[in-house]
Amino acid sequence: MHKLKVAVIGAGVMGHGIAEVFSLYGNEVYLYDKYPDALEKGLKNILWSLNKLKEKGKITDTERVFSRIKPVNDLSQISDAELVIEAVSENLDLKSSVFKQVSKIVSKDSIIATNTSSLPISELAQSVENPHRFLGLHFFNPPVLMKLVEVVKGVKTDDLIFSKGIEIIKSIEKVPIPVRKDVIGFVVNRILFRIFTSACKLLKEYSVEEIDSLAKYILEFPMGIFELLDYTGIDTNYLISNEVRKRGFDFTCEILKELYEKGYYGAKVGKGFYDWS
Ligand code: CAA
């Protein structure tokens with residue numbers, strides 16, 4: 001597959017990691033965020049991660065990889081992108097507005113993808129011009145280390161675009177999970193949201209640390225369940241829980257709301273279920 005011009009919209013926890021992965025495999029990447037601070041933080045995180053990879057002997061030339069990532073704060077700068085991946089917050093209106101703008105800026109042949117974890121692809125497709133070229137490319141956090149990516153077909157996604165999505169994911173040496181049924185939570189989160197909900201219910205009887213020990217030492221999860229909620233972001237998970245509940249999927253966790261309202265967004269702010277400072 002030829003190297004692509006990729007644009008990642010949103011430089012947050014997922015966006016910066018997705019941009020990094022595409023750059024690691026030789027693709028030119030635009031990283032867009034409308035907030036300069038977020039863009040700067042995203043670039044800093046990419047540099048940190050590239051240096052970690054270098055330290056471990058996985059890459060040699062961090063500068064070359066970093067130089068392939070072009071930060072932009074004006075969407076019109078991504079006009080020649082062949083693949084656009086949206087990674088903004090889990091908010092239908094926000095994502096829809098991104099798709100409306102992007103559809104007008106890039107070529108009609110460009111593939112437009114969303115990294116949503118909770119919103120149906122077919123619902124988001126309503127804001128994309130020519131929705132046959134729209135699909136889900138759902139990465140997991142941290143994108144640079146996690147092997148799986150869900151490739152999700154919406155009702156209007158063309159079969160060829162779906163196959164191309166799978167090829168693109170293979171080209172960055174990830175393992176694609178083809179998801180042909182556009183259901184809430186796709187595949188992974190239909191399991192994960194249930195685990196989160198069960199763990200939250202257990203908080204009436206057991207502590208965060210006790211439940212996380214069980215997850216790590218008995219179930220052999222790489223992280224505790226609450227540790228993972230902090231790691232992926234309390235804000236992200238709270239927004240996801242609201243979106244999926246609206247669509248009939250039970251992801252209920254009272255304490256997520258409490259932490260969200262206090263601004264305890266997890267690892268990225270230093271406080272969530274755990275103190276990360
Ligand atoms: N880039 C480069 N290096 C990184 C990194 C990154 N982004 N993140 C961590 N590392 C480094 C660490 O700093 C560490 O380096 P040192 O050895 O120098 O300390 C090294 O990788 C290993 O990390 P850990 O010691 O923490 O050990 P680990 O082997 O457990 O790996 C992990 C880390 C891959 C994150 C692992 O803990 C894990 O798999 N956790 C679960 C993650 C998961 O389930 N993600 C999906 C969540 S759901 C989601 O994303 C989306 C959604 O839909 C809600």
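Going by what an unreviewed UniProt entry lists, the protein is known as 3-hydroxyacyl-CoA dehydrogenase and is assigned to Sulfurisphaera tokodaii.

Chemist: Which parts of the structure should I look at to understand the domain arrangement of the protein?
Modeler: Frequently, the measure chosen for interface size is the accessible area removed from exposure when the parts meet. When the domains of the protein are assigned, the result is domain 1 (5-179) and domain 2 (188-269). Between domain 1 and domain 2, the contact holds nine residues from the first and eleven residues from the second. Of the residues belonging to the side of domain 1 that touches domain 2, the class tally is two nonpolar, five polar and two charged.

Chemist: Hey, could you run me through the sheet that holds strand β8 (residues 175-179) in this one?
Modeler: What links the strands of a sheet is backbone hydrogen bonding, and the strands pair in either a parallel or an antiparallel sense. Reading across the sheet, the eight strands line up as β3-β2-β1-β4-β5-β6-β7-β8 and stay open at both edges, with mixed pairing between neighbours. A strand with exactly one partner marks an edge of an open sheet, and here the two such strands are β3 (69-72) and β8. Neighbour-to-neighbour, the strand axes of this sheet turn through a mean angle of 25°, independent of strand direction. By the bridge criterion, four bridges tie strand β2 (residues 28-32) to β3 in an arrangement that is parallel. Bridging from a neighbouring strand, Tyr-30 pairs with Lys-70 of β3.

Chemist: Just checking my understanding: could you explain helix α9 (residues 225-232) for this structure?
Modeler: Every α-helical turn comprises 3.6 residues, leaving residues that sit three or four positions apart pointing alike. The buried fraction of α9 is high, at seven of eight residues. All buried positions along α9 are accounted for by Ile-225, Phe-226, Glu-227, Leu-228, Leu-229, Asp-230 and Thr-232. Phi turns positive one or two residues past the end of α9, at Gly-233, with a value near 110°.

Procedures and definitions
- Note that residues are indexed from 1 along each chain, following the sequence as it is written.
- In keeping with the model being predicted, local features are shown solely for residues with a pLDDT of at least 70 and side-chain atom pairs are shown and tallied solely at 80 or more, while totals for entire chains, interfaces and linings include all residues.
- Bear in mind that the domain bounds are from an automatic or database domain assignment.
- Whether two residues are in contact depends on their C-beta atoms, placed from the backbone: they are in contact if these lie within 7 Å.
- Each residue gets one label: Ala, Val, Leu, Ile, Met, Phe, Trp, Tyr, Cys and Pro are nonpolar, Asp, Glu, Lys and Arg are charged, and the others, such as Gly, are polar.
- Pairing between two strands requires that DSSP report at least two bridges joining them.
- Numbering of helices and strands runs from the N terminus, with a helix taken as a DSSP run of H or I at least four residues long and a strand as a DSSP run of E at least two residues long.
- Note on method: axes are straight lines fitted to C-alpha atoms, helices fitted across the in-contact stretch only, with angles between N-to-C directions ranging 0 to 180 degrees.
- Note on burial: count the other C-beta atoms lying within 10 Å of the residue's C-beta; 20 or more is buried, 12 or fewer is exposed, in between is partly exposed, and C-beta positions come from the backbone.

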